[in-house]
Amino acid sequence: MFDVANKLHEVLGNLPDSVRLVAISKFHPNEYIEAAYNEGQRVFGESHEQELAKKVETLPSDIEWHFIGHLQTNKVKYIAPYIAMIEACDSLKLMKEINKQAAKHDRVIKVLLELHLAEEATKYGLTLDACRELLEAGEWRELKNVQICGIMMMASNTDDEAQIESEFEQAANFFDEIKAKYFADDENFKERSYGMSSDYQLAIKHRSTMVRVGTTIFGPRVY
Ligand SMILES: *Cc1c(COP(=O)(O)O)cnc(C)c1O
């Protein structure tokens, strides 16, 4: 087995107190998650609803699960009973569905606004303008079972560190912009989720509060 305990402590050792680790355990078996859990890690991230459902059933109930992948609206109902945070919220439609399903369970589900800043042409994530429009429209204010806690993004998949840093910086600045405009009085709006195995140290330089690290802790994923 990959040396999860040592790798976990190596990553934790690189994080200032202001940065939380979401250990990304997708495609890794329960024993890997337990190895990290036994070292005190409690926040884990998964990106597939069915895989997550199996893990939730069999792993300790005090794990805080974050959903980090693209979430189809018809899947929200499956994770609504237990999910702590949905990190990749990229439309009002999805937010409304999360609100509806959270209400059924009398819960408030935390979400992050997923931004699209990378060069890659993925269809996921809000452009900055789309995010501004969503917030300006104001309908989100009525969604009482959703709590918007900040932003999430992925930098371009490139070796060009200047490019990566510039995207993190744009994300941090955008956070400041919308914090001031829409969430100034909301102490829950405080998270900047960016930084993965390859770039989390750069992300910290640009004020990440939450890094999502998988491969460095658990080794390569077997698909
Ligand atoms: C898989 C994944 C990660 C973790 O990536 P690593 O390179 O394994 O650290 C982080 N964020 C998202 C959204 C992911 O899908």
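Below, the structure is looked at part by part.

What about the environment of Phe 2?
- Among the structural elements, Phe 2 can be located in the segment before helix 1 (4-13).
- Contact partners of Phe 2, with chain neighbours within four places excluded, come to Lys 7, Tyr 32, Thr 215, Thr 216, Ile 217, Phe 218 and Gly 219.

Section: the site of the ligand
- Near the ligand you find Ile 24, Lys 26, Ile 68, Met 152, Met 154, Met 196, Ser 197, Arg 212, Val 213, Gly 214, Thr 215 and Arg 221, and these make up its full shell.
- Separating an oxygen atom of the ligand from a side-chain N or O atom of Lys 26 is a distance of 2.6 Å.
- Contact between the ligand and Thr 215: an oxygen atom at 2.5 Å from a side-chain N or O atom of the residue.
- Against a free-state accessible area of 390 Å², the protein chains account for coverage of 89% of the ligand.
- Class assignment for the residues of the shell around the ligand results in 6 nonpolar, 3 polar and 3 charged.

Regarding the packing of helix 6 (residues 128-137) against helix 7 (residues 161-182)
- Two elements in contact, helix 6 and helix 7, have axes separated by 12 Å at closest approach and are oriented at 10°. Accordingly, the angle class assigned to the pair helix 6 and helix 7 is roughly parallel. Here helix 6 contributes Leu 128, Cys 131, Arg 132, Leu 135 and Glu 136 to the contact with helix 7, which in turn contributes Phe 174, Glu 177, Ile 178, Lys 181 and Tyr 182.
- Class assignment for the residues of the contact of helix 6 with helix 7 results in 6 nonpolar, no polar and 4 charged.

Describing helix 5 (residues 92-104)
- With 13 residues, helix 5 ought to run about 18 Å at 1.5 Å a step, and its terminal C-alpha atoms sit 19 Å apart, in line with that.
- For helix 5, the complete set of buried residues consists of Leu 94, Met 95, Glu 97, Ile 98, Asn 99, Gln 101 and Ala 102.
- Against the buried residues of helix 5 lie helix 4 (76-79), strand 4 (85-89), strand 5 (109-114), helix 6 and strand 6 (146-152).
- One or two positions beyond helix 5, positive phi appears at Asp 106, with a value near 55°.

Some words on the pairing of strand 2 (residues 43-46)
- Judged by which residues are buried, strand 2 turns out to be covered on both faces: Val 43 and Gly 45 on one side and Phe 44 and Glu 46 on the other are all buried.
- Read from strand 1 (residues 20-24) through helix 2 (residues 30-37) to strand 2, the crossover connection turns out right-handed.
- Relative to strand 3 (residues 64-67), strand 2 is paired through 4 bridges, and the arrangement is parallel. Looking across to strand 3, one finds that Phe 44 is bridged to Trp 65.
- Once the chain exits strand 2 it traverses helix 3 (residues 49-58) before rejoining the sheet at strand 3, and the crossover so formed is right-handed.

Here we look at the side chain of Glu 87
- Inspection of the secondary structure assignment puts Glu 87 in strand 4.
- Lacking a salt bridge, the buried Glu 87 has Arg 212 as its closest oppositely charged neighbour, with an N-O distance of 4.1 Å.
- Polar contacts involving the side chain of Glu 87 include one to the side chain of Ser 193, which spans 2.7 Å.
- Ignoring anything within four residues of it in the chain, the contact list for Glu 87 reads Val 22, His 66, Phe 67, Ile 68, Leu 112, Glu 114, Met 152, Ser 193, Met 210 and Arg 212.

Conventions we followed
- Residues numbered from 1 in each chain as written.
- Predicted model: local features only at pLDDT ≥ 70, side-chain atom pairs only at ≥ 80, totals over all residues.
- Heavy atoms only, no water.
- Helix = DSSP H or I, 4+ residues; strand = E, 2+ residues; numbered from the N terminus.
- Contact = heavy atoms within 4.5 Å.
- Near = heavy atom within 4 Å.
- Polar contact = N/O pair within 3.5 Å; in protein donor to acceptor, adjacent residues only side chain to side chain.
- Areas by Shrake-Rupley, 256 points an atom, 1.4 Å probe, with all protein chains shown as cover.
- Nonpolar A, V, L, I, M, F, W, Y, C, P; charged D, E, K, R; others polar.
- Axes fitted to C-alpha atoms, helices over the stretch in contact; angles between N-to-C directions.
- Parallel < 35°, antiparallel > 145°, perpendicular 65-115°, else oblique.
- Expected span 1.5 Å × (residues − 1).
- Buried < 20%, exposed > 50% of the residue type's maximum accessible area, 1.4 Å probe, protein only.
- Right-handed = clockwise from strand over helix to strand, strands pointing away.
- Pairing = 2+ DSSP bridges.
- Lys, Arg positive; Asp, Glu negative; His and termini not counted.
- Salt bridge = Lys/Arg side-chain N within 4 Å of Asp/Glu carboxyl O.

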